[in-house]
Structure formats: C-alpha cells, structure tokens
Amino acid sequence: MPLTTAVVATLTTLVTGAVQFVVMAVWGGRQGRTLHDVLMQWDAHWMTMISEHGYSGFVMSADQTDPVQWESVAFFPGYPVLVRVVAAPMAVLDVAEATFVAALTVSTVATVAMAWGVSMLAVELWRRRGPAPCDRRTTAVLTAVVTVLAVGAPMGVVYWMPYSESLFTAVAVWALYFLLRRRFLLAGVLTMVAGATRLTATALILTLCAAVALELWRWWRGTQQERGSSVPFPACAVAAPLVGSVGLVAYLSWADRQVAEIGGYFAAQERGWHSGVDMGAATLRWLAGNLPGELTGYTVSSWSIVLVALLCAVSFGMLWTGRIPWQLWLPAIVLAGIVLGSDGIMHSRPRLLLVPVLLFTLPLVVELVRTWRTATRPQTAVAVGAVLGAGAVLWCALGFWVSGVMLIDFEYAI
C-alpha cells in the first residue's frame with residue numbers, strides 16, 4: 001500500500017515539523033531570536049554561501065587569500081547545488097531571502113522523502129518477519145509511528161535546517177530499501193547521490209560491496225550445483241558499488257586539486273575542523289571530561305555517544321537473531337564507527353549519529369507495532385497501543401528538548 005504509506009508519512013512529517021517549528025520559535029523568541037535566526041546557524045551559513053557563490057567568492061574566515069576557501073571543501077556539493085537550482089527561479093522573481101526559502105523547500109521535501117523511505121523500510125521489515133496481517137489501518141499506524149521515530153528524534157530539527165542531513169538520510173534509506181528488494185542499480189544510483197552529499201556515504205558503498213560479495217558467492221554456488229545450466233551473472237549487483245562510488249570519488253578528486261597546497265581534502269578537514277580517524281581516542285577523552293557534571297550541551301552530546309555505543313552492542317544480538325537484516329545493520333555500525341572513532345567537533349555528535357539511531361531502532365519499533373497488531377487479547381492490544389502513543393509523545397518531547405538545548409541554549413556549533 002505505497003499510497004497509504006506516502007500520504008500518512010507526508011502528513012505526519014508536516015504536522016511533527018510544524019509543532020517543532022512552533023517550539024523553536026517560542027523558545028528562541030524568549031531569547032530575542034527569530035525562527036530564521038535559530039535555523040540559520042553554523043553549517044547553515046556555509047551551505048547557503050556555497051549555494052550562492054560556489055567554493056570561492058566569499059570570506060568566512062581570517063584567511064582571505066585563497067581563491068577557494070579551504071574550509072568550504074569539507075562540505076560536499078549535493079545539497080548546496082540542489083538549493084541553488086531551486087533558488088534560481090526565485091531569484092529571477094525577486095523573492096526575498098531566495099536562498100533561505102529554497103533551502104527550507106529542499107529540506108522539507110527531503111524530510112518528507114526520508115519519512116516515506118523509512119516507512120517503506122518498515123513495511124519491508126514487517127514482511128520479512130513472516131506472515132502477519134498488514135491491512136491499510138496497520139500500514140497507516142506503522143507509517144505514523146516510524147515517521148515520528150525519524151522526524152521527532154533528538155536533534156531532528158536539523159532535518160529542516162539548511163543542512164545536508166535531510167537529503168543524505170533520504171537517499172540513504174531509499175538506497176537501503178532498494179538493496180533489500182535486490183534492486184541493485186537503483187541502490188547504486190542513490191548511493192552515488194549520497195556520495196555527492198556527505199563523506200559518510202562510504203558506509204553505503206561498503207554495504208553495496210558486501211552485497212556484491214554475497215551475490216557472487218550465490219552465483220558461484222549456483223554454477224557448482226547446477227552444472228550445465230546457465231546461472232545468470234549478477235551484473236547489476238557488481239555494477240552497483242562502482243556506480244555508487246562515482247559521486248564520492250569525483251568530489252574528493254576535485255577537492256584534492258583545489259586545496260592541494262595544504263595537503264588535499266583530508267588535510268583541510270584536519271586543519272579546519274580537527275576531523276580525523278583516531279580509533280576513538282578523542283571520544284574517550286571527551287567522555288572522561290564531560291560525561292558527569294551540570295546538564296549542558298556537552299553532557300547531552302556525551303550521553304548521546306554513550307547511548308549509541310550501547311545500541312551498537314545490542315545490535316549484535318539483533319543481527320544474530322535476525323531482527324535486523326545485515327543490509328541495515330552494516331551501514332549503521334559503520335556510520336557509528338566513523339563518528340565515534342574520529343576526532344572533530346564533539347557537540348555535533350547528536351546530529352551525526354541520527355542515521356545509526358534510526359536504523360538500529362527501526363526494527364524494534366516495527367516489532368512493537370507487530371505485537372500490537374497480532375495481540376489476541378483486547379487488553380494486550382490496548383496496553384501496547386497506549387505504549388506506542390505515549391512513547392511517540394515522549395520521544396517527540398525529548399527530541400524537541402534536545403534540539404532546543406543544542407540549537408538555542410548551547411553556544412557552540414552543532
């Protein structure tokens with residue numbers, strides 16, 4: 001029932017987003033800041049400036065000599081280019097704040113697409129868990145619940161901002177959905193878009209490579225068991241990671257040439273954002289110094305790291321028991337490993353860990369909805385339904401609170 005999923009996902013996303021905007025506007029207003037001020041912070045400035053001027057022609061640092069701002073190459077072009085395309089007709093029509101309006105439009109559409117993709121993933125997980133009724137009502141409930149899980153998450157406000165999270169997450173979940181359905185070329189094309197949007201598309205490319213290994217093994221086993229018969233070669237699966245790598249490789253190659261004088265893309269990352277793989281040493285130092293103490297953005301970031309680490313540990317059991325397919329587990333564990341195993345701006349961790357949290361918790365939520373739908377006693381169904389409703393409200397309350405603390409009360413970059 002794709003239509004039901006699309007409609008319910010869209011409505012739930014827009015309602016949840018509207019409530020979050022009201023919360024951010026009221027919260028920010030108490031500190032004399034408009035909703036525009038709240039949403040246009042930190043990386044949003046980089047994204048909109050790159051969209052307007054490209055990777056040169058503007059100054060956001062003390063170094064005004066480089067024809068290309070070396071800090072700016074840390075931001076992949078997928079999102080700002082899309083914003084530029086949407087903003088172009090608005091600029092012709094002399095729309096005020098055309099780039100900002102275009103960015104909100106792109107983020108909104110991408111967030112709706114993300115919610116739809118997550119809902120389709122949930123339906124696919126439901127189907128894989130075995131026979132159970134999944135009528136229109138069940139599909140609607142499942143879609144609403146997993147949409148709230150995605151959009152109402154702690155730091156979910158970033159999906160609506162001029163950040164690349166919404167676009168990357170949207171193409172990532174759809175790529176994983178098509179991978180689960182064995183539509184390898186579609187998964188590869190979407191991974192290519194993800195690779196032009198964020199460096200963490202590496203996790204999707206590795207997942208496609210794992211799928212190739214599995215498909216080649218199945219092909220080889222088929223040829224051995226059915227000698228004399230023609231077993232088709234998995235050409236689409238083999239092509240998928242090659243196609244999926246194009247966006248990432250193309251941008252890194254260009255960026256390396258632009259900032260060759262300082263050592264290339266990864267040198268710019270290290271120099272501008274102190275970002276580099278250190279096997280978790282910086283994360284452990286951060287936790288040791290910031291986990292206890294007064295509740296601030298530092299402790300929120302620290303606890304998000306701890307909770308995701310616990311989710312990673314639990315996920316091994318979920319993988320072993322078949323509650324999460326490896327196609328979701330692998331990119332989630334790789335993404336979590338990239339974030340937790342790297343140095344950088346630690347208070348950005350709550351938003352950088354949004355995708356692993358979503359992929360790890362999605363099967364758990366699907367299982368809870370399944371328990372509600374298959375309950376044989378009315379009392380059990382009512383109790384589980386109450387848990388789902390209360391859980392959705394509490395999840396959004398937590399998500400809005402964390403978003404407000406990190407975006408409005410906290411003074412450092414998120």
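This text goes with the structure placed above it.
What counts, and where the lines are drawn
- Residues numbered from 1 in each chain as written.
- Predicted model: local features only at pLDDT ≥ 70, side-chain atom pairs only at ≥ 80, totals over all residues.
- Heavy atoms only, no water.
- 1 Å grid on protein atoms, 1.4 Å probe; cavity = no way out; pocket = protein on both sides within 12 Å on 5 of 7 lines; lining within 4 Å.
- Points joined across faces, edges and corners; volume = space filled by probe spheres on them.
- Helix = DSSP H or I, 4+ residues; strand = E, 2+ residues; numbered from the N terminus.
- Nonpolar A, V, L, I, M, F, W, Y, C, P; charged D, E, K, R; others polar.
- Phe/Tyr/Trp six-rings, centres within 6.5 Å; stacked < 30°, edge-to-face > 60°.
- Buried < 20%, exposed > 50% of the residue type's maximum accessible area, 1.4 Å probe, protein only.

Undergrad: I'm lost on the layout of surface pockets in this one. Help?
TA: The method is simple in principle: a probe with the dimensions of a water molecule rolls over the atoms, and the space it marks as empty is what remains. There is about 970 Å³ of room inside the largest pocket. At the level of secondary structure, the elements contributing two or more residues to the lining of the largest pocket comprise helix 3 (43-53), helix 11 (265-273), helix 14 (326-340) and helix 15 (349-352). One number sums up the size of the second largest pocket: a volume of about 440 Å³. Every residue lining the second largest pocket is counted, 20 residues in all, and those nearest its centre are Pro 154, Trp 303, Ser 304, Leu 307 and Leu 398. Among the secondary structure elements, those contributing two or more residues to the lining of the second largest pocket are helix 13 (297-320), helix 15, helix 16 (354-374) and helix 17 (378-409). Here the lining of the second largest pocket takes seven residues from helix 13, the largest share from any one element. For the lining of the second largest pocket, the class distribution of residues is 16 nonpolar, three polar and one charged.

Undergrad: What is the right way to look at the packing of aromatic side chains in this model?
TA: Any pair of aromatic rings gets described here by the distance separating the centres and the angle formed by the planes. Summed over the entire model, instances satisfying the criterion amount to 19 aromatic pairs. With centroids separated by 4.5 Å and ring planes inclined at 45°, the aromatic side chains of Phe 76 and Tyr 251 adopt a geometry described as tilted. With a gap of 175 residues between them, Phe 76 in the loop between helix 3 and helix 4 (78-92) and Tyr 251 in helix 10 (residues 235-258) connect regions that are remote in the sequence. Each of the two residues, Phe 76 as well as Tyr 251, counts as buried. A centroid spacing of 5.8 Å and a plane angle of 90° characterise the contact between Phe 76 and Tyr 265, whose relative ring orientation is edge-to-face. Taken together, the residues Phe 76 in the loop between helix 3 and helix 4 and Tyr 265 in helix 11 connect sequence positions 189 residues apart. Side by side, Phe 76 and Tyr 265 carry an identical accessibility label, which is buried. Taken together, the ring pairs connect Tyr 55, Phe 76, Tyr 251, Trp 254, Tyr 265 and Phe 266 into an aromatic cluster.

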